[in-house]
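Observations on the three-dimensional arrangement
What follows is the residue order along each chain.
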Amino acid sequence: MGLFSRASHRGHTDSEAGAVSLLVEPPATDSQGRRSMEDHRDYLLSMVEPLSPLGVSLVDAWGLALCEDIKADGDVPPTPVAETDGFAMCAADIAALPPGRRPILDLVTLDDDEPDDDARAFAMGETVAVRAGQALPAGADTVVSAFDALVGTEDIKVKVLPQEGDWVRPAGAEAADGEIVMAIGTRLDDRRSALLAAAGFDRVLARPRTRVAVVDVVDSSIMARPDDGRGRGVGMYMINAAARADDATTWRIEIDLAQPESSIERLGDELIRADLVLTVGGLTDDGLDPRLDELLREMGEIDVAEVAMRPGRQHGFGFIGDEETPVIMLPADPYALLVAYHAFARPMLRKLMGVEPYAHEAVLCYADHDFDAEAGTAQIVACKLIQDRDHYLASATVPQRHSQLPGLVAADALVVLPGDKARVYRGEALPAWLLSEPGIVA
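Residues numbered from 1 in each chain as written. Predicted model: local features only at pLDDT ≥ 70, side-chain atom pairs only at ≥ 80, totals over all residues. Heavy atoms only, no water.

**Side note on the nonpolar core**
Across soluble globular proteins, nonpolar side chains have a tendency to be buried as a group. By size, the foremost hydrophobic cluster in this structure holds 61 residues, and its most contacted members are Met-37, Leu-278, Ile-328, Met-348 and Val-415. With 12 residues, the top contributor of residues to this core is helix H7 (residues 334–352). Once you skip the residues sitting within four places of it in the chain, Val-415 turns out to touch Cys-365, Gln-379, Ile-380, Val-381, Cys-383, Leu-385, Ala-394, Leu-430, Pro-431 and Ala-432. (Core = buried A, V, L, I, M, F, W, Y, C linked by side-chain atoms within 4.5 Å. Buried < 20%, exposed > 50% of the residue type's maximum accessible area, 1.4 Å probe, protein only. Helix = DSSP H or I, 4+ residues; strand = E, 2+ residues; numbered from the N terminus. Contact = heavy atoms within 4.5 Å.)

**As for the sheet that holds strand E22 (residues 314–320)**
Sheet architecture is open: six strands sit in the order E16-E15-E17-E23-E22-E20, paired in mixed fashion. Edge positions in the sheet fall to strand E16 (249–256) and strand E20 (300–306), since each has one partner strand and no second. Within this sheet the neighbouring strands show an average axis-to-axis angle of 20°, counted without direction. With eight bridges connecting them, strand E15 (residues 211–218) and E16 associate as parallel partners. Considered in E16, the bridge of Ala-213 is made with Trp-251. Sheet contacts for helix H4 (residues 234–245): E15, E16, strand E17 (276–280) and strand E23 (325–330); angle to E16, the most-contacted strand, approximately 160°. (Pairing = 2+ DSSP bridges. Axes fitted to C-alpha atoms, helices over the stretch in contact; angles between N-to-C directions.)

**Things to note about the layout of surface pockets**
If you add up the space inside the largest pocket, you get close to 590 Å³. Together, 22 residues line the largest pocket, and Arg-346, His-360, Leu-434, Leu-435 and Ser-436 are the ones closest to its centre. If you list the elements that add at least two residues to the lining of the largest pocket, you get H4, H7 and helix H8 (405–410). No other element matches the five residues that H7 contributes to the lining of the largest pocket. (1 Å grid on protein atoms, 1.4 Å probe; cavity = no way out; pocket = protein on both sides within 12 Å on 5 of 7 lines; lining within 4 Å. Points joined across faces, edges and corners; volume = space filled by probe spheres on them.)

**With respect to the pattern of salt bridges**
Pairing between side chains of opposite charge can happen when the charged atoms of each approach one another. All told, the structure shown has 24 salt bridges when counted by the stated rule. Between Arg-192 and Asp-189 there is a salt bridge, with its nearest N and O atoms 2.7 Å apart. Using a relative accessible area of 35% as the deciding quantity, one classes Arg-192 as partly exposed. With its nearest N and O atoms 2.7 Å apart, the salt bridge here joins Asp-293 to Arg-297. (Salt bridge = Lys/Arg side-chain N within 4 Å of Asp/Glu carboxyl O.)

**Concerning the pairing of strand E7 (residues 104–108)**
In the sheet, E7 pairs with strand E11 (residues 155–158) via three bridges, with the strands oriented antiparallel. Following the sheet pairing, Ile-104 is matched in E11 by Lys-157. Here three bridges tie E7 to strand E8 (residues 126–130), and the two strands are oriented parallel to one another. Note that in E8 the partner of Val-108 across the bridge is Val-128.

**Let's talk about the sheet that holds E8**
Pairing is mixed in the open sheet, where six strands are placed in the order E9-E6-E8-E7-E11-E10. Strands at the two margins of the open sheet, each flanked by one partner only, are strand E9 (142–145) and strand E10 (149–151). Taken pair by pair, the neighbouring strands of this sheet meet at an average axis angle of 35°, ignoring direction.

**Remarks on unusual backbone geometry**
Cis geometry marks the peptide bond from Arg-310 to Pro-311; its omega dihedral reads 5°. If you trace the backbone, Pro-311 turns up in the loop between strand E21 (309–310) and E22. Here the phi dihedral of Trp-167 falls at roughly 55°; this positive angle occurs in a residue that is not glycine. Assessed through its relative accessible area of 43%, Trp-167 is described here as partly exposed. Phi is positive for Glu-324, which is not a glycine, with a value near 55°.

**A few points about the packing of aromatic side chains**
Taken as a whole and assessed by the stated rule, the structure comprises one aromatic pair. Both rings, one in Phe-317 and one in Phe-319, keep their centres 5.2 Å apart while their planes meet at 80°; by these two values the pair is edge-to-face. Classification of Phe-319 by relative accessible area gives buried; the value is 1%. The ring of Trp-251 carries Arg-273 above its face, with NZ or CZ at 4.0 Å from the centroid. (Phe/Tyr/Trp six-rings, centres within 6.5 Å; stacked < 30°, edge-to-face > 60°. Lys NZ or Arg CZ within 6 Å of the ring centre and 35° of its normal.)

**Considering the packing of helix H1 (residues 37–45) against H7**
Contact geometry for H1 and H7: axes closest at 10 Å, N-to-C directions at 35°. Helix-helix and strand crossings are classified by hand; for H1 and H7 the assignment is right-handed. Contacts between H1 and H7 involve Met-37, His-40, Arg-41, Leu-44 and Leu-45 from the first element and Ala-343, Phe-344, Pro-347, Met-348 and Lys-351 from the second. Across the contact of H1 with H7, the residue classes break down as seven nonpolar, one polar and two charged. (Left-handed = near helix turned anticlockwise from the far one by under 90°. Nonpolar A, V, L, I, M, F, W, Y, C, P; charged D, E, K, R; others polar.)

**Here's the deal with helix H6 (residues 290–299)**
Three or more residues of H6 are buried, namely Leu-292, Asp-293, Leu-295, Leu-296 and Met-299. In an axial view of H6, the angular spread of the buried residues amounts to 165°, which keeps them on one side of the axis. Summarising the geometry of H6, the exposed residues directed more than 90 degrees from the buried face are Pro-290, Glu-294 and Glu-298. (Arc of directions from axis to C-beta.)

**Details of the state of the cysteines**
Summed over the entire model, instances satisfying the criterion amount to zero disulfides. Free of any disulfide, Cys-365 has its nearest cysteine sulfur in Cys-383, 6.8 Å distant. (Disulfide = S-S within 2.5 Å.)

**As for the side chain of Gln-314**
For Gln-314, the location among the structural elements is in strand E22. The class for Gln-314 is buried, based on a relative accessible area of 13%. When sequence neighbours within four positions are dropped, the list of residues in contact with Gln-314 reads Leu-283, Thr-284, Asp-285, Asp-286, Gly-287, Val-304, Ala-305 and Glu-306.

Don't take any of this as a statement about function, it's just geometry.
Next comes the structure, spelled out in structure tokens:
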């Protein structure tokens, strides 16, 4: 069963049929019957809600969004701790020692029994060896690093006179009792996970990873040399990797348009464990393959629309199966597929996981040459971004109207050319969706 919660406002009445549609009212279109890219994305996002939260072990919660504020149950750390390997002591003891070239302190080992709260663990003129992260013994307020001490058999000589608080992390330095350690909506990474572990948490309430069925749409009736797998499944591999990079759990399904009955059965069996279905193939600029259209409509309700964008102008969405699992239809062409994933599928994945912002946060770059554009159409160009002083320069790696995998591999970002002009000139500012870390000018 899919875990997604559908939006309460979803659905509208079909005036002709008198039935309630699973799809919300579609957005307005331009004079050519096309939706804007932003309107179509918002339309898709309006029909799903974040997945229901679950208790997840901290080990498995990397990349997930918290569903509650996490407050410290006591100070973190609870007592002062050493920040380095060295020797714990009282700074005032150093000042009280007889003058000399280097203060000398007796090196002692403490008993296992803890002293009373008001008792001092060691005498004046004594020091105790400590490890980084170890709680300081009672009475200690400073640590001399092991590099700043000459260690003898029973004593140490201090090379650098310490001040109170040196190499000490005080109680509550990371979080005070009752303080919010991490706010709701925070996405966990390695450092945040470490902070929660330090605060004593081993489980968190978070939204699970979106379970995505990546459907490879094939047609055995036109396959040349079906025993030769070279070049097949390119889009499936791309989207599978992209969704996993966005912390989804994915698996592959193959359906054959030449065998619709078995394909419906196969796809239906997989819906029980999917939160989202992404089909790859069967969709071109001419529209959805009639056989895929019929197959999906037999399983539910779909909407195929033209969007004012390039590459890829036809896009589909719907709900299929008994659980009304959302499905996004993506093209097979690698360039159009990558653009469609980042424009529509990725925002939906992020919303299902409760990770904001849902849409790409664009970085600003500047065109390093003139770009041909098309008024009224948003064009997305795969580009190499080069950091030049305090800004990025964008240079196209994939010519428009072509699918070139080497160019996509070389790209750092998808740059969005505005739809209000026919030409973008060198030096104009443009928004870019990062795909990888940009290069740096040597």
